[in-house]
Amino acid sequence: MFKLKNQRLFTANPSLKPQKFCSVACALSISDDDHQFYKQKPPILSPQLQETSNLDPKFYLSALINCKNLQQIKSLHTQLSVNGLLNDSFLINKLLYVYVRYNALDDAHNLFDKMPERNPVSWSVMVGGFAKAGRYMKCFDTFREYIRSGQQPDVYTLPSVIRVCRDTQNLKMGRVVHHIVHKFGLHMNTFICAALVDMYAKCGVIDDARKLFDKMTDKDLTTWTVMMGAYAASGNPNESLVLFDQMQEHGVVPDKISMVTIVNACAKLGAMNKAKVIHDLIQKQNHSLDMILGTAVIDMYAKCGSIDFAREIFDKMREKNVITWSTMIAAYGYHGQGQKALDLFPLMSKNRIKPNNVTFVSLLYACSHSGLVQEGLKIFSLMQEKFFIKPDVKHYTCMVDLLGRAGKLDQAFNMIENMTVEKDVGLWSALLSACRMHNHVEMAQKAAESLLEIQPHNPSHYVMLSNIYAKAGKWENMAKIRVQMTNKNLKKTPGFTWVEAQNSVHKFSSGDHSHCESKEIYERLKSLIEKLEVSGYVPDTEFVLHDVNEELKLGNLYAHSEKLAVVYGLISTPERTTIRMTKNLRVCGDCHTFMKFVSVVEQREIIVRDAKRFHHVREGVCSCGDYW
DNA sequence: ATAGGGTTAG
């Protein structure tokens, strides 16, 4: 009887952590009947428990550990109370903890309120419970009460409080807590410091995070992981990889979570060499590709340019969730293989995965970038009618992009006018780009006006509109924009281009001479342009504002960061070249033409990407016009 | 006994 019941407990809950088996504890694993019994007469022990129980707290301890639902916890609570064991701080804290683990925060709090004596463990469980459950005010209140009670907060409580500061983006409170940490001399605790580093990073003050990180003498794996993740999230994935190497030099061996973090950083960097090294390391250390790590690796390979590797991993993964599927769909989207993205969609339901709003963003994006207008419209209505997902601004942005690229500007504009969700910069930018592509000056003005209402000081909106005027020959309007920019003291923000070569990533800005092989690069660029001109390359100097600085000129040409990166790629890598550009930076017409010619004349495949998009530059393949 | 780090779009 016992064995059977016990088996049921463990087979029904394979996820339960292996625990010391206690012959009496298994009595709790049964019992719909018992529940009924408890319900009717709570103070009385069930026959089974009576048989085996005594007033030994150890019995209740293992019973609590093996609880599998709230009902059981409550009935044990009653029994503890009846047996007068609620004075045992060890037991009561365990009870508190089990309530918290089953998300019964109110029950826990009631118990906590009635506790005659609260020790640091009680406080820490309660504060941590509120923190995990997202009940931030309650967490702060409890912590405040703790401090006011005059006790020294222990090292277990503070990480939870810091976590809440992070989750609520409450940097001010975070600094106060940091102060408290110092006041109580707890600044040497690794758990607390790691939490603080994470809090600073996620509140956007990465320099403060780094300062604290550097001060820490014993950085453990979590600390390193937090810092690596912070750099990746703040747009400096290169630094994540640097730290990853340093960590290993310090003898810290990465685990699965840190692997996910570094895979993610590598995806953001877009460096295929690194991607392979990291994937090798994962295999060497025998980390299985579970849903999270597997999904991250798919994303990494896709963003490093290899949709085939990405698909290989995808096919190998045994368990996939909606994120895995959405990642793969998005990957096909930005690789310009819209049909393949669409083909995956019906397979999702076959595998019983329900698409979510992100899946539909990826699908619509895939349609817009492959020019699948009808399909996109179909998906858009399917999403609402069959899956009852209300489109948000991102879905609308994809639709505006889809219609806009196809030249259906009026339809796109109508959609914007009729939508009820709040319009953002991305939405209007999509329309503005479409206007530029189709030379629709009037609508461009409307789009730009809306953009400048939201972001009156963003120079890129002015530059974009100015370029549209230039293309239409409306020089007076263009001049006005330039005056506005000068009056507002706005300067074009510098753009960067990165290229992966020589096993690392090199960064260029326009007219950049800082690279150590700068001389060779410029010489090669000069001779290359001569070669290209023989083949019919005519530099396009239409977009005057793109290059305000005359010093960037190289003969009658401009040394765009894109060109410098492409040339460095030619010099230093035998294979194809992948360059990555500052997010939102558009490749200008001249660079586009330049790359097209390079790809033919030098027989080299060039891949351009910003954070998420790819465009293969091959003759006949590049269909994006001068706007990418 | 109680504590910190991980995946998709934009």
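In the annotation of an unreviewed UniProt entry, chain A is listed under the name DYW domain-containing protein and assigned to Tagetes erecta. UniProt, in the comment section headed Sequence similarities (unreviewed entry), describes chain A in these words: "Belongs to the PPR family. PCMP-H subfamily."

Peer 1: Is there a simple way to think about the overall build of chain A in this case?
Peer 2: Within chain A, the regular secondary structure consists of 32 helices and seven strands. Counting only residues that meet the buried cut, chain A has 43% of its 628 residues in that class. Considering only contacts in chain A between residues 6 or more positions apart, those separated by 24 or more positions represent 64%.

Peer 1: In this structure, what is going on with helix α28 (residues 459-472)? I would like to understand it.
Peer 2: An α-helical segment advances 3.6 residues per turn. Residues three or four places apart therefore align on the same side. Here α28 is 14 residues long and its end C-alpha atoms lie 20 Å apart, about the 20 Å a rise of 1.5 Å per residue gives. Where α28 is concerned, the buried positions are His-461, Tyr-462, Val-463, Met-464, Leu-465, Ser-466, Asn-467, Ile-468 and Tyr-469. Residues of α28 that are buried in the fold lie against α26 (425-437), α27 (441-454) and α29 (475-487). Count one or two residues on from α28 and you reach Gly-473, which has phi positive near 75 degrees.

Peer 1: Help me understand the pairing of strand β5 (residues 577-581) in this model?
Peer 2: The side chains of a regular strand alternate between both faces of the sheet. Along β5, five of the five residues are buried, which leaves the element largely enclosed by surrounding structure. Burial along β5 is two-sided: the face carrying Thr-577, Ile-579 and Met-581 and the face carrying Thr-578 and Arg-580 are both buried. As judged from the three bridges shared by strand β1 (residues 496-501) and β5, these two strands associate in the antiparallel manner. If you follow Val-499 over to β5, its bridge partner there is Ile-579.

Peer 1: Just checking my understanding: could you explain the packing of helix α20 (residues 322-334) against helix α21 (residues 338-350) for this structure?
Peer 2: Any two packed helices are characterised by how steeply their axes cross, that is the angle between the axes, and by the distance between the axes. Interaxial distance between α20 and α21 falls to 7 Å at its minimum, and their mutual angle equals 160 degrees. The angle between α20 and α21 falls in the class roughly antiparallel. Seen along the crossing, α20 lies across α21 with a hand that is left-handed. Where α20 approaches α21, its residues Trp-325, Met-328, Ile-329, Tyr-332 and Gly-333 are matched on the opposing element by Gly-338, Lys-340, Ala-341, Leu-344 and Met-348. Partitioned by chemical class, the residues of the contact of α20 with α21 number seven nonpolar, two polar and one charged.

Peer 1: Would you take a moment to explain helix α31 (residues 561-572) for this structure?
Peer 2: With twelve residues, α31 should reach 16 Å at 1.5 Å per residue; the first-to-last C-alpha distance of 16 Å fits that figure. Extensive coverage of α31 is indicated by the burial of ten of its twelve residues. Among all positions in α31, only Ser-561, Glu-562, Lys-563, Leu-564, Ala-565, Val-566, Val-567, Tyr-568, Gly-569 and Leu-570 are buried.

Peer 1: Can you walk me through the UniProt feature "repeat: PPR" (unreviewed entry) in chain A in this structure?
Peer 2: Mapped onto the present numbering, the UniProt feature "repeat: PPR" (unreviewed entry) falls at residues 119-153, 189-219, 220-254, 290-320, 321-355 and 356-386. Secondary structure across residues 119-153 divides into 77% helix and 0% strand, with the first and last C-alpha atoms of the span separated by 10 Å.

Peer 1: Would you mind showing me how to read the protein's contact with DNA strand B here?
Peer 2: In the region of DNA strand B, 58 residues are neighbours, and Asn-93, Ser-124, Phe-191, Thr-295 and Ser-326 sit closest. Residue classes in the surface near DNA strand B are distributed as 24 nonpolar, 24 polar and ten charged.

Peer 1: Would you take a moment to explain the environment of Val-421 for this structure?
Peer 2: The topology assignment puts Val-421 in the loop between α25 (409-418) and α26. Distance in space between the C-alpha atoms of Val-421 and Val-393 is 6.4 Å, their sequence separation being 28 residues.

Peer 1: Would you take a moment to explain the pairing of β1 for this structure?
Peer 2: Counting buried positions along β1 yields five of six residues, so the element is predominantly enclosed. As judged from the six bridges shared by β1 and strand β2 (residues 504-509), these two strands associate in the antiparallel manner. Paired with Thr-497 across the strands is Phe-508, a residue of β2. Counted between consecutive antiparallel strands, the loop separating β1 from β2 contains two residues, among which Gln-502 sits at a positive phi close to 50 degrees.

Peer 1: How do you make sense of the nonpolar core when you look at a structure like this?
Peer 2: Across soluble globular proteins, nonpolar side chains have a tendency to be buried as a group. Residues Val-197, Cys-266, Leu-364 and Leu-431 are the most contacted members of the largest nonpolar core, which totals 134 residues. Here this core takes nine residues from helix α12 (residues 190-202), the largest share from any one element. Residues contacting Leu-431, with those up to four places away along its chain left out, are Val-400, Gly-404, Ala-412, Phe-413, Ile-416 and Ala-447.

Peer 1: What is the right way to read unusual backbone geometry from this model?
Peer 2: Comment: phi is negative for the bulk of residues other than glycine, and the bulk of peptide bonds are trans. With a phi close to 65 degrees, Asn-103 is a non-glycine residue in the positive phi region. Its place among the elements puts Asn-103 in the loop between α6 (89-101) and α7 (105-114). Note on Asn-103: 13 C-beta atoms within 10 Å, which makes it partly exposed. Unusually for a residue other than glycine, Asn-489 sits at a positive phi of about 60 degrees. Relative to the elements of secondary structure, Asn-489 occurs in the loop between α29 and β1.

Peer 1: Help me out: how do you make sense of the environment of Ile-468 in this one?
Peer 2: Looking at where Ile-468 falls in the secondary structure, it is placed in helix α28. Sequence separation between Ile-468 and Met-478 is ten residues, and the spatial gap between their C-alpha atoms is 8.4 Å. In this structure Ile-468 touches Cys-435, Arg-436, Val-441 and Ala-444, once residues within four positions along its chain are discounted.

Peer 1: Would you take a moment to explain the packing of helix α18 (residues 291-303) against α20 for this structure?
Peer 2: Axis separation between α18 and α20 bottoms out at 9 Å; the angle between their running directions is 5 degrees. Overall, the two elements α18 and α20 adopt an arrangement that is roughly parallel. Contacts from Met-291, Gly-294, Thr-295, Ile-298, Asp-299 and Ala-302 of α18 reach α20 at Ile-323, Thr-324, Thr-327, Met-328 and Ala-331. Of the residues that constitute the contact of α18 with α20, the class distribution is six nonpolar, four polar and one charged.

Rules behind the numbers
Residues numbered from 1 in each chain as written. Chains lettered and ligands numbered in written order. Predicted model: local features only at pLDDT ≥ 70, side-chain atom pairs only at ≥ 80, totals over all residues. UniProt positions renumbered as here; feature names shortened; annotations may be inferred. Helix = DSSP H or I, 4+ residues; strand = E, 2+ residues; numbered from the N terminus. Buried ≥ 20, exposed ≤ 12 C-beta atoms within 10 Å, placed from the backbone. Contact = placed C-beta atoms within 7 Å. Expected span 1.5 Å × (residues − 1). Pairing = 2+ DSSP bridges. Axes fitted to C-alpha atoms, helices over the stretch in contact; angles between N-to-C directions. Parallel < 35°, antiparallel > 145°, perpendicular 65-115°, else oblique. Left-handed = near helix turned anticlockwise from the far one by under 90°. Nonpolar A, V, L, I, M, F, W, Y, C, P; charged D, E, K, R; others polar. Near = placed C-beta within 6 Å. Core = buried A, V, L, I, M, F, W, Y, C linked by C-beta atoms within 7 Å.

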